[in-house]
Amino acid sequence: MSVRTWAIAIALAGAVGLVSLGCDFVFSYRSITAPVGTWGEVGIRVYKTHANCTLPSPYAYDITTAGVQILAETPWNEVQPNVIEKWVILSLAEVGDGFLKISKTCTKEGYEEGVLPIRVTAPTPDGAWSQAWTGTYPFDPPVGYTLASVVGDASVSGDVLSVGGVSLALPSVPPALVGRTLPVRLFYVMRDGKPFPLLIVGEGLFWRYDALLSAEG
């Protein structure tokens, strides 16, 4: 997952995006295959083919994911007439087949979508997942906080995670933990006297919350 470039996407627009009567959706990759724990930027472009768009907002597009997380995103930006783009930072979070999807529903063409296929593969011995699983936090430690980690069988009730004697509320629950118990390592910090999660790593799982620490702090 590389630096920002549209060279591949423009050359392969028919293969990368969904060509339709209302909007053409194009990604900066045709597809992504990488180990769990990989992260990087992906671009999304919308080519509006109607002169008079009927969406309630020119940016009323839904973006959904499976198997990956969006850690951050830019606002929509009009790069040329009737062409808008944004960039998202994706983290490959769960081993298996996933996607990044953009969709919209309008009164002219109804529902349309574009899908970027993403295959999340097993971790590599020298990657972020392996580093985290063996007890080393794979990112810069948060400034002003003391980093801690705990290992154990994780269980989730509602949005509350319990592992190794630590219980905390999760901003989002990893699908891999819904309705099952899984051995994990949890990295967290204490914020306002309460534990705040940074990363959950387990078999086939690399679920991040570090981007929320500064956003919510």
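Residues numbered from 1 in each chain as written. Predicted model: local features only at pLDDT ≥ 70, side-chain atom pairs only at ≥ 80, totals over all residues. Heavy atoms only, no water.

1. Some thoughts on the packing of aromatic side chains
Per the counting criterion, the structure on display carries 7 aromatic pairs. Measuring from centroid to centroid gives 5.9 Å for F25 and Y61, while their planes differ by 85 degrees, and the two rings are edge-to-face. Within this pair, whereas F25 is found in strand β1 (residues 23–27), its partner Y61 is found in the loop between β3 (39–48) and β4 (62–66), the two being separated by 36 residues in sequence. The exposure classification of F25 matches that of Y61, with both residues buried. Look at Y137 and F187: their rings are 5.3 Å apart centre to centre, the planes differ by 50 degrees, and that puts the pair in the tilted class. Residue Y137 is located in the loop between α3 (128–133) and β10 (148–157), and its partner F187 is located in strand β13 (residues 182–191); the two are separated by 50 residues in the primary sequence. Across the pair, exposure class does not vary: Y137 and F187 are buried alike. Through a chain of ring-to-ring contacts, three or more aromatic side chains come together here, namely W39, Y137, F139, F187 and F206. Lying over the aromatic face of W39, R208 brings its terminal NZ or CZ to 5.1 Å of the ring centre. (Phe/Tyr/Trp six-rings, centres within 6.5 Å; stacked < 30°, edge-to-face > 60°. Helix = DSSP H or I, 4+ residues; strand = E, 2+ residues; numbered from the N terminus. Buried < 20%, exposed > 50% of the residue type's maximum accessible area, 1.4 Å probe, protein only. Lys NZ or Arg CZ within 6 Å of the ring centre and 35° of its normal.)

2. Looking at the pairing of β3
In terms of residue burial, β3 counts as a mostly covered element, since 7 of its 10 residues are buried. Summarising the sheet, β1 and β3 pair through 5 bridges and their orientation is antiparallel. In the sheet register, F27 faces β3, and the bridge partner there is I44. Summarising the sheet, β3 and strand β7 (residues 83–92) pair through 9 bridges and their orientation is antiparallel. The residue bridging G40 from the neighbouring strand is L90, located in β7. (Pairing = 2+ DSSP bridges.)

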